[in-house]
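A structural walkthrough
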Amino acid sequence: MAETRAGFVALIGEPNAGKSTLLNQMVGAKVSIVTHKVQTTRARIRGIAMEGAAQIVFVDTPGLFRPRRRLDRAMVAAAWGGAADADIVVLLVEAHRGLTEGVKGIIEALRDKLPAATRVALAINKIDRVKAEELLGLSQTMNEAYAFERTFMISAEKGYGVQDLKEWLAAELPEGPWFYPEDQIADLPMRMIAAEVTREKLTLRLHEELPYQLTVETERWEERKDGSARIDQIVYVARDGHKGIVLGNRGETIKAVGKAAREELTEFLGRPVHLFLNVKVRPNWLEESERYSEMGLEFRDGD
Ligand SMILES: Nc1nc2c(ncn2[C@@H]2O[C@H](COP(=O)(O)OP(=O)(O)OP(=O)(O)O)[C@@H](O)[C@H]2O)c(=O)[nH]1
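Residues numbered from 1 in each chain as written. Predicted model: local features only at pLDDT ≥ 70, side-chain atom pairs only at ≥ 80, totals over all residues.

What follows concerns the confidence of the model for the protein. This prediction gives the protein a mean pLDDT of 80; 74% of its residues lie at or above 70. Overall, residues 30-43 carries pLDDT values under 50, and its contacts beyond four positions in sequence, including any with other chains, amount to 36 contacts. This model gives residues 290-303 a pLDDT under 50, and the stretch forms 18 contacts once residues within four places in sequence are excluded. Quick note on the complex model: pTM equals 0.66, ipTM equals 0.97. (pLDDT = per-residue confidence, 0-100. Contact = placed C-beta atoms within 7 Å.)

Quick look at the structure:
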């Protein structure tokens, strides 16, 4: 059997560049649309693609725009954090817009914010919107602005060039075991999305009180015969005191969070959801699993 490979790929680009469309093409599931609704500051998984013996884990980078407000700045910092942790970064630009001010800003940040060794490829998207001769000029202009390791011409919507990009990524990722068993990938995005929804509701409810050291995992997902879904999640906190904050007075905080999350999930899935939240204290979870939790990966002892 061929050597397995696995790694993280960050897709970056201006809003509207086509990141979700490209992801859907490569992952083959409409998962990224949903995650739009959930703005959080951590990098997380947008989707996982298998290509031959390689597992490509796409991490999300919340919009890389020019930040004005403090919150926006924090999100952008987190986005670059996600990119810095990636094995390969792919910058997606729009063929008909070219080297815009926004793209220039991103390129500047590529130099300033990422370790020098970071591998960066360019994907010129929406090539269906321009003439072939314009593309060569654009490719040259872009490569003068930054020394990209490779340049791909694609149309995420029509699927042109997407397979080439995917095969190249697969071949370039480090050798190593997969992060997920192949048969778990199918429902993984849903589990993660569900965890993100709950984490978002906790954030909304707790504001500054929210313990930084908090993570949500979907532990169980059961499809029921009556068409509803039962979802069990664990909210991990690092200290006893944090548990009290998350539960709230007589459990009212966690109840409200559960209700809001259940309503959103019910709407999203289009069927009834029974959501069970359990708050657990696990003092060292952050140290045990830092890289994994930052990436939105589930971490199990002994793995
Ligand atoms: N013509 C053309 N349109 C495309 C292509 N790829 C994406 N689009 C369109 O561009 C728009 C933006 O695509 P998205 O995939 O939502 O872009 P995004 O980068 O995820 O956007 P944000 O979530 O705002 O960051 C959508 O209307 C897509 O249909 C392409 O290859 N050709």
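With that settled, consider helix α5 (residues 132-145). If you check α5, its first and last C-alpha atoms are 21 Å apart, about what 14 residues at 1.5 Å a residue would give, namely 20 Å. In terms of burial, α5 is a largely surface element, 1 of the 14 residues being buried. (Helix = DSSP H or I, 4+ residues; strand = E, 2+ residues; numbered from the N terminus. Expected span 1.5 Å × (residues − 1). Buried ≥ 20, exposed ≤ 12 C-beta atoms within 10 Å, placed from the backbone.)

Attention now moves to the site of the ligand. The ligand sits among 18 residues. The nearest are Gly18, Lys19, Ser20, Thr21 and Glu157. With 3 residues, helix α1 (residues 19-27) is the single largest residue contributor to the shell around the ligand. Along the lines of polarity and charge, the residues of the shell around the ligand split into 3 nonpolar, 9 polar and 6 charged. (Near = placed C-beta within 6 Å. Nonpolar A, V, L, I, M, F, W, Y, C, P; charged D, E, K, R; others polar.)

Here α1 lies mainly inside the structure; 8 of its 9 residues are buried. Looking at α1, one finds that the buried residues are Lys19, Ser20, Thr21, Leu22, Leu23, Gln25, Met26 and Val27.

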